[in-house]
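Here are the chains, one letter per residue:
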Amino acid sequence: MTVDDLLAASRRGVRRLTPEETAAAARRGALVVDTRTEAQRRRQGELPPDLLPGVLVIDRTVLEWRLDPTSAARIPEATGADLHVVVVCRQGYSSSLAAASLRALGLTRATDLAGGVEAWLAAGLPTVAGPADVRE
């Protein structure tokens, strides 16, 4: 298996969201999780909480522990397996893998932003200087 095979498998049968659909999902209560590095967020800007209510930054290295509702290290927002999570990264590759990992944990509504923040910006949507709600 190659990384391209793994990526294709992680996306199979999943409805990935456009930037506009991501904003609409956030307004309906979806948890939008930005996994970009600090350097990427500095270059591209933070996702705006006025368009994405409750957007959080969670480092990819701890994502599963923070969102697994059974984990002792979970965040308060990780309320159950029915949580709608939209993972965001820079280009929409690692977010697909992260969302697949969350689905494997039982978060069946986990998906990602197709094209990542680059698609967000290409759609003419804004970013802000910060600060971000960073969860460690």
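Residues numbered from 1 in each chain as written. Predicted model: local features only at pLDDT ≥ 70, side-chain atom pairs only at ≥ 80, totals over all residues. Heavy atoms only, no water.

Observations concerning the nonpolar core
And step 1. In terms of nonpolar packing, the biggest core is built from 16 residues, with Leu 31, Val 33, Leu 63, Leu 67, Ile 75, Val 85 and Leu 102 touching the most fellow members.
And step 2. The leading source of residues in this core is helix α5 (residues 94–104), at three residues.
And step 3. Among residues more than four places away in sequence, those in contact with Leu 31 are Gly 54, Leu 56, Leu 67, Ile 75, Glu 77, Leu 83, His 84, Val 85 and Val 86.
And step 4. Among the nonpolar cores identified, the runner-up in size contains 14 residues, and Ala 26, Val 32, Leu 52 and Val 117 belong to it. (Core = buried A, V, L, I, M, F, W, Y, C linked by side-chain atoms within 4.5 Å. Buried < 20%, exposed > 50% of the residue type's maximum accessible area, 1.4 Å probe, protein only. Helix = DSSP H or I, 4+ residues; strand = E, 2+ residues; numbered from the N terminus. Contact = heavy atoms within 4.5 Å.)

Quick word on the environment of Leu 17
And step 1. For Leu 17, the position within the fold is in the loop between α1 (3–11) and α2 (19–27).
And step 2. Between the C-alpha atom of Leu 17 and that of Thr 37, which follows or precedes it by 20 residues, the distance is 21 Å.
And step 3. Not counting the four nearest positions on each side in its chain, Leu 17 is found in contact with Thr 22, Ala 25, Val 86, Thr 111, Asp 112, Leu 113 and Ala 114.

What about unusual backbone geometry?
And step 1. Here the residue pair Gly 130 and Pro 131 is connected by a cis peptide bond, since its omega of 0° sits within 30 degrees of zero.
And step 2. For Pro 131, the location among the structural elements is in the loop between α6 (116–122) and β5 (134–135).

So, the environment of Asp 133
And step 1. Turning to its location among the elements, Asp 133 is positioned in the loop between α6 and β5.
And step 2. With relative accessibility at 35%, the residue Asp 133 sits in the partly exposed group.
And step 3. Considered as a pair, Asp 133 and Val 55 are 78 residues apart in the sequence and their alpha carbons are 7.2 Å apart.
And step 4. Once residues lying within four places of it in the same chain are set aside, the contact partners of Asp 133 are Val 55, Leu 56 and Val 57.

Looking at the sheet that holds strand β2 (residues 56–58)
And step 1. Taken together, five strands build an open sheet; the order of strands is β4-β3-β1-β2-β5 and the sheet is parallel. The open sheet is flanked by β4 (111–112) and β5, the only strands paired with a single partner.
And step 2. Bridging between β2 and β5 involves two bridges; their strand directions are parallel. Paired with Val 57 across the bridge in β5 is Val 134.
And step 3. Along the sheet, α5 contacts β3 (85–88) and β4; its crossing angle with β3, the most-contacted strand, is approximately 150°. (Pairing = 2+ DSSP bridges. Axes fitted to C-alpha atoms, helices over the stretch in contact; angles between N-to-C directions.)

Quick look at the pattern of salt bridges
And step 1. Going through the model one piece at a time under the given rule, you end up with nine salt bridges.
And step 2. Here Arg 16 ties to Asp 112 by a salt bridge, and the two come within 2.9 Å at their closest N and O atoms. Note that Arg 16 is positioned in the loop between α1 and α2 and Asp 112 in strand β4, a separation of 96 residues in sequence.
And step 3. For Glu 46, the salt bridge goes to Arg 41, with nearest N and O atoms at 3.0 Å.
And step 4. Overall, Glu 46 belongs to the buried group, its relative accessible area being 10%. (Salt bridge = Lys/Arg side-chain N within 4 Å of Asp/Glu carboxyl O.)

A few points about the side chain of Gln 40
And step 1. Within the fold, Gln 40 resides in helix α3 (residues 38–44).
And step 2. Ignoring any residue separated from it by four or fewer positions in sequence, one finds Gln 40 in contact with Gly 45 and Arg 90.

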